[in-house]
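If you want the building blocks of each chain, they are given just below.
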Amino acid sequence: MRVYLRKPQAFFSWLDENHFQYAVLRGYRNMGEAPKRGGKDDLDILVEDRAVGPVLAHARRVPKALGLKCDIYSAGANRGADFAGCAYFPEALARSILQNRVRWENAFYIPSDRDLYDSLLFHLAYQKAEASKADAFDPAAFRNYKRYEFVKALALRLGQPYDLSLFDMHRLLVARGY
């Protein structure tokens, strides 16, 4: 579900005040990104299923020209905030992200490092395979991905591999139960 936020921090405060679990998946500054109003970049936010209706009612009031572009995804499918009719992540991964989330710079919640790594691999392998520059078999091709250095630093912190083919990503995710 695409929404536009006039004041993102106020939106996150509203989510917190209403005790909705959420995590900003991508688009925040620790990935070298800082989306701007009117830009092509956005924030990707995972919310628990019960938050979808209230988020839709709360956030739909902002015109596109006045807001920061945000894609809101529900933990489950068919809630009005899914990904092409499917859940954005497997249920176990979505649940882990929401249960293990951490506060980022006292501003909003993000996935824990482990869940961020897994969610990025899932996003790259299954949702953005071509855009990730990863090859089905050649792990070195992934080095051409625009966020490769971020993924590498994250992987090194976790003791995980970072030069990965699409099949490597798939195997790692299957081994984690996703």
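Just so it is clear, the model here is predicted, and its values are computed rather than measured.

A.B. asks: Could you give an account of the sheet that holds strand 4 (residues 68-74), with specific residues and numbers?
C.D. replies: Spatially, 4 strands are ordered 1-4-3-2 in an open sheet, and the strand pairing comes out mixed. If you trace the sheet from one side to the other, it starts and ends with strand 1 (2-5) and strand 2 (22-26), each paired once. Neighbour-to-neighbour, the strand axes of the sheet open up by a mean angle of 35°, direction not taken into account. As paired strands, strand 2 and strand 3 (residues 43-47) are joined by 4 bridges and run antiparallel to one another. Each bridged residue has a counterpart across the sheet, and for Arg26 the counterpart in strand 3 is Asp44. Most of the contacts of helix 1 (residues 8-17) go to strand 2, to which it runs at about 145°, and overall it touches strand 1, strand 2, strand 3 and strand 4.

A.B. asks: Describe the environment of Arg95, naming the residues involved and giving the relevant values.
C.D. replies: For Arg95, the location among the structural elements is in helix 3 (residues 91-100). Between the C-alpha atoms of Arg95 and Asp115, which are 20 residues apart in sequence, the distance is 10.0 Å.

A.B. asks: Which residues make up the side chain of Asp71, and what values go with them?
C.D. replies: Locating Asp71 in the fold gives a position in strand 4. For Asp71, a relative accessible area of 10% puts it in the buried group. A distance of 2.5 Å separates the side chain of Asp71 from the side chain of Arg2, its partner in a polar contact. Look past the residues within four positions of Asp71 in its chain and what remains in contact with it is Met1, Arg2, Asp42, Leu43, Asp44 and Ile45.

Thresholds applied
- Residues numbered from 1 in each chain as written.
- Predicted model: local features only at pLDDT ≥ 70, side-chain atom pairs only at ≥ 80, totals over all residues.
- Heavy atoms only, no water.
- Pairing = 2+ DSSP bridges.
- Helix = DSSP H or I, 4+ residues; strand = E, 2+ residues; numbered from the N terminus.
- Axes fitted to C-alpha atoms, helices over the stretch in contact; angles between N-to-C directions.
- Contact = heavy atoms within 4.5 Å.
- Buried < 20%, exposed > 50% of the residue type's maximum accessible area, 1.4 Å probe, protein only.
- Polar contact = N/O pair within 3.5 Å; in protein donor to acceptor, adjacent residues only side chain to side chain.

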